[in-house]
Amino acid sequence: MDKKILIVEDDPNISNIIKMNLTLVHYQTVQVYDGLAALEGIEREKFDLIILDVMIPKLDGFSLMEQIRPKNIPVIFLTAKSAVFDKVNGLKLGADDYMVKPFDGIELLARIETVLRRYGKDESEISIDDVRVFPDKRLTTLKGEPVELTPKEFDLLVVLIVNKNIALSREQFLDKVWGIDYYGDTRTVDVHIKSLRKKLRLQDRIKTIFKIGYRLEV
Amino acid sequence: MKFWLKIFTFSIIIFILVFNATSFIVIQRNHGKLLNREIDNALSQNKNIHSSVDAIVPIVLIYDSDEYEEKVLANIAKGFVGKVGDQGVYMTITNDKGKAVYNNTDFEMPIDLNESEQVKEDEIKYILRDVDKRTILFTSNLVKINQKNYTFTYIKDITSVYKEHADQYMFYLKVNIIACSTYMLLMFVVSKRLTIPIYRLNRTAKFIAAGAFAERAESGSKDEIGVLASNFNVMASVVEDKIKDLERLNREKQLFIDNFTHELKTPLTSIIGYANILRTGKINSSQLLEGLNVILSEGKRLESLSFKLMDLIQLERSEFPLKELDFCDILAEIMPALEMKAREQQLTINLHCENACLRLEKDLIKALIFNFVDNSIKASSKNQSITIRAARQGQNYVLEIEDEGGGIESEHLDRIFEPFYMTDKARSRRNNGAGLGLSICQRIASLHNADINVRSELDRGTTFIVTFKPGGTSP
């Protein structure tokens, strides 16, 4: 079942972008535009995560945070202020992470993923066509048969799945899979992608996006 | 050395010097007088003796007997010493061979007294000598009887004069101690009292230096220190006001920066976010259109924000020459543009203008009117009208821009001139509003020495009133 995320953001454009980003990777979203509506929403429905702007009308993010803390729902703060005070304040109140505007959609997805995993809410099993991926066991099967993947190939597959329907550049893949300190050629990515396509028969799913990079389309 | 201690010490040193010098002079003078009187007395006594002896010389001459002579002289001496009757009065009579004819002294005659015995006839000499513990006055004269010289020495014990002298010194010493201690006590109190206001002033200065700018000194007295304290207070209030101004300015600047950051980051987040997702995401055509629309409108908002901001910065920095212009001419110039803008929203604009020449900067006044009317248009609904009135009111010239819109809630009224303040964010954003229009108006008004007031009633409308005061020069 897809995860349900509450977006509390007063600017409709930003709210829509977040929604678009989350929808692409198959999260369900609910949008509210002020603090009180957020509170009502939380009472009414169960959410797996809340993305919360600090400066929202009627009830500000920090006050809202204090009220919803007992529910133990993971929260990621969005803030236009990069003041250290806000970060400290936000994290102290129990926010799991924060992002300063303007933020990068990919980065937001990565943080959502991290926070959900910390709460044990990430999926234990992902299937694409005949491929099934078990992130906990680091196991991949094709039509029920285990497939031998190198550790880097497996990591690359997970990054593709997390950012499904969004294209990442070769540099972004290098960063996320090989780490920021890796000075290898971007062709390393091409080699691994080629190998993944072949081993898992995902030629149609892993698309090459001209002048950008690769995208897993689901 | 502390100030009170200086006052205290120096006044006491001066007091002791003056008091003791005076005492010394008085005592010495008294003593001198007393001594002189004693000496005069002794000398006149001696003269008396001399004249008594002179009186009996003829008789003595008749007898011409040394023995008789000496007896007579001794009798005279006895008579005098007895007659004076005082204790401590003595007499010696010696003949020219050094033999004492009469001597009733109870002490050894000092040897050096002999020098004074070389007195000439009809001459009286006196000398003071300390004998044992006494001070004794010797007066001598020479009397010639029967070709024989007799030295008459009248002696008086004047120890009491010196004792008196010493007593006086003792007395003055006591007085001195009492007077000095009393004086010290008084001076201590006085100098402390005198310096208390200084200490208070000092303490206040320290408080102020430590940041308590509201602290004030007591300025009770009318003396120099009191004047200093009140001047100090005047200074402190000026400093406090300045600091408050600076703090307020700083707060405003910080608020401006915070708001500006927010206003800048929100559209940027949308633009960057949509651009990125359009570039990388697997999206359909309606999502593409949505994204492009947002990028366009947010870009326009940023453009409008940057223009407004440039206006505001320009207004802060530049000096504008004001010229004598007719207000109605300026209004007439921008009316077509305003009416066009109003027609788009199906609004009408009514204009009533009374001609008057004011010192104005044309472009700024246009911007002011434009911003106000733009504001009114945004607040109005279809088929309503906006009224612009400009007329003299007494000394002032007053511009009113009235709309029939929704009005402004009183909680917002105080803040609408703050940069980036918007009563309805969503609506302002739709109209590309940045929340800077009224800040710009206020700045323009202050450059023209004009005040802005707002009258607003919910659901009835809002009126902005700009009052140009006479002598409208920039402050």
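Refer to the structure above for everything that follows.
Residues numbered from 1 in each chain as written. Chains lettered and ligands numbered in written order. Predicted model: local features only at pLDDT ≥ 70, side-chain atom pairs only at ≥ 80, totals over all residues. Heavy atoms only, no water.

Trainee: Any chance you could explain the side chain of B:Asp374 here in plain terms?
Mentor: Residues and elements named next belong to chain B. Secondary-structure assignment places Asp-374 in helix H7 (residues 362-379). You can call Asp-374 buried: its relative accessible area is 11%. Among the polar contacts listed, one links the side chain of Asp-374 to the side chain of Lys-341, at a separation of 3.4 Å. (Helix = DSSP H or I, 4+ residues; strand = E, 2+ residues; numbered from the N terminus. Buried < 20%, exposed > 50% of the residue type's maximum accessible area, 1.4 Å probe, protein only. Polar contact = N/O pair within 3.5 Å; in protein donor to acceptor, adjacent residues only side chain to side chain.)

Trainee: How should I be thinking about the interface of chain B and chain A in this particular structure?
Mentor: Accessible area lost upon the coming together of the parts is a frequently used measure of interface size. At the junction of the two partners, chain B supplies 24 residues and chain A supplies 23 residues. Taken over both partners, the interface formed by chain B and chain A buries close to 2,100 Å², and the fraction arising from carbon and sulfur atoms is 60%. Remark: the boundary between chain B and chain A carries 1 salt bridge. At the junction of chain B and chain A, the tally comes to 6 residue pairs in polar contact (both at pLDDT 80 or more). Among the elements of the structure, helix H4 (224-280), helix H5 (285-317) and helix H9 (425-430) of chain B are those that each provide at least two residues to the side of chain B that touches chain A. A per-class count over the side of chain B that touches chain A returns 6 nonpolar, 10 polar and 8 charged. (Contact = heavy atoms within 4.5 Å. Buried area = accessible area lost by both parts, 1.4 Å probe. Salt bridge = Lys/Arg side-chain N within 4 Å of Asp/Glu carboxyl O. Nonpolar A, V, L, I, M, F, W, Y, C, P; charged D, E, K, R; others polar.)

Trainee: How should the packing of aromatic side chains be read in this particular structure?
Mentor: The geometry of an aromatic ring pair is captured by two quantities: the separation of the ring centres and the angle between the planes. All chains considered together, the criterion is met by 14 aromatic pairs over all chains. Considering the side-chain rings of A:Phe173 and A:Tyr214, the 6.5 Å spacing of their centres and the 50° angle between planes classify their relative orientation as tilted. Taken together, the residues span a long stretch of sequence, with A:Phe173 in helix H7 (residues 170-178) and A:Tyr214 in strand S12 (residues 213-216) at a distance of 41 residues. Per residue, the accessibility class of A:Phe173 equals that of A:Tyr214, and both read buried. For the pair B:Phe256 and B:Phe260, a centre-to-centre distance of 6.4 Å together with 10° between the ring planes defines the contact as stacked. In this pair, B:Phe256 and B:Phe260 are both assigned in helix H4, 4 residues apart and thus about one turn of the helix distant. Since its relative accessible area comes to 24%, B:Phe256 is described here as partly exposed. Take B:Phe260: its relative accessible area is 23%, and that puts it in the partly exposed class. Among the aromatic side chains, those forming a connected cluster through ring pairs are B:Trp4, B:Phe8 and B:Phe188. Directly above the ring of A:Phe134 sits A:Lys137, whose terminal nitrogen or CZ lies 4.9 Å from the centroid. (Phe/Tyr/Trp six-rings, centres within 6.5 Å; stacked < 30°, edge-to-face > 60°. Lys NZ or Arg CZ within 6 Å of the ring centre and 35° of its normal.)

Trainee: What is the right way to read the pairing of strand S5 (residues 148-157) of chain B from this model?
Mentor: Residue and element names in this part refer to chain B. Across the 10 residues of S5, 9 count as buried, placing the element largely inside the fold. One ladder, built from 7 bridges, connects strand S1 (residues 89-95) with S5; its direction is antiparallel. Bridging from a neighbouring strand, Thr-92 pairs with Thr-153 of S5. The hairpin turn running from strand S4 (residues 134-145) into S5, its antiparallel successor, is 2 residues long, and Asn-146 in that turn takes a positive phi close to 55°. (Pairing = 2+ DSSP bridges.)

Trainee: Looking at this structure, how should I read the state of the cysteines?
Mentor: Residue and element names in this part refer to chain B. Under the defined criterion, the tally for this structure stands at 1 disulfide over all chains. Across a sulfur-sulfur distance of 1.9 Å, Cys-328 and Cys-353 are joined as a disulfide pair. Judged by the sign of its S-S torsion, about -100°, the cystine formed by Cys-328 and Cys-353 is left-handed. With a gap of 25 residues between them, Cys-328 in helix H6 (residues 327-344) and Cys-353 in strand S7 (residues 348-353) connect regions that are remote in the sequence. (Disulfide = S-S within 2.5 Å.)

Trainee: I'm lost on the sheet that holds strand S10 (residues 396-402) of chain B in this one. Help?
Mentor: Hydrogen bonding along the main chain pairs the strands of a sheet, whether they run parallel or antiparallel. Residue and element names in this part refer to chain B. Strand order in the open sheet made by the 5 strands is S7-S9-S10-S12-S11, with mixed pairing throughout. Whereas interior strands pair on both sides, the edge strands pair on one side only; in this sheet they are S7 and strand S11 (450-457). Pairs of neighbouring strands in the sheet enclose a mean axial angle of 15°, with direction left out of account. Two strands pair when backbone bridges link them, and strand S9 (residues 385-393) and S10 are joined in this way by 7 bridges, in the antiparallel orientation. Paired with Ile-388 across the bridge in S10 is Ile-401. (Axes fitted to C-alpha atoms, helices over the stretch in contact; angles between N-to-C directions.)

Trainee: I keep staring at the pattern of salt bridges and nothing clicks. Help me out?
Mentor: All names here are of chain A. Taken as a whole, this structure holds 33 salt bridges over all chains when the rule is applied. For Glu-217, the salt bridge goes to Arg-215, with nearest N and O atoms at 3.0 Å. For Glu-217, a relative accessible area of 11% corresponds to the buried category. What emerges from the salt-bridge pattern is a single network uniting Lys-4, Arg-44 and Glu-45.

Trainee: Is there a simple way to think about unusual backbone geometry in this case?
Mentor: For residues that are not glycine, phi is negative in most cases, and the peptide bond is trans in most cases. All names here are of chain A. The backbone of His-26 sits at a positive phi, close to 65°, despite the residue not being glycine. Mapped onto the fold, His-26 is located in the loop between helix H1 (12-24) and strand S2 (28-32). At Lys-143, a residue that is not glycine, the phi angle is positive and equals roughly 50°.

Trainee: Any chance you could explain helix H6 (residues 151-162) of chain A here in plain terms?
Mentor: Residues spaced three or four apart along an α-helix face the same direction, because each turn holds 3.6 residues. Taking 1.5 Å of rise per residue, the 12 residues of H6(A) would be expected to cover 16 Å, and the 17 Å separating its terminal C-alpha atoms lies within 8% of that figure. What H6(A) keeps buried is the set A:Glu153, A:Phe154, A:Leu156, A:Leu157, A:Val159, A:Leu160, A:Ile161 and A:Val162. (Expected span 1.5 Å × (residues − 1).)

Trainee: Can you help me understand the sheet that holds S5(B) in this one?
Mentor: Residue and element names in this part refer to chain B. Pairing in this open sheet of 5 strands is antiparallel, and the strands run S2-S1-S5-S4-S3 from one edge to the other. Each having just a single partner strand, strand S2 (100-103) and strand S3 (124-131) make up the two edges of the open sheet. Each strand of the sheet is rotated relative to its neighbour by a mean of 20°, with strand direction disregarded. For S3 and S4, the ladder comprises 8 bridges, and the chain directions are antiparallel. Residue pairing across strands places Val-131 opposite Arg-134, the latter belonging to S4. Helix-sheet contacts for helix H1 (residues 3-63) involve S1, S3, S4 and S5, and the interaxial angle to S4 is about 25°.

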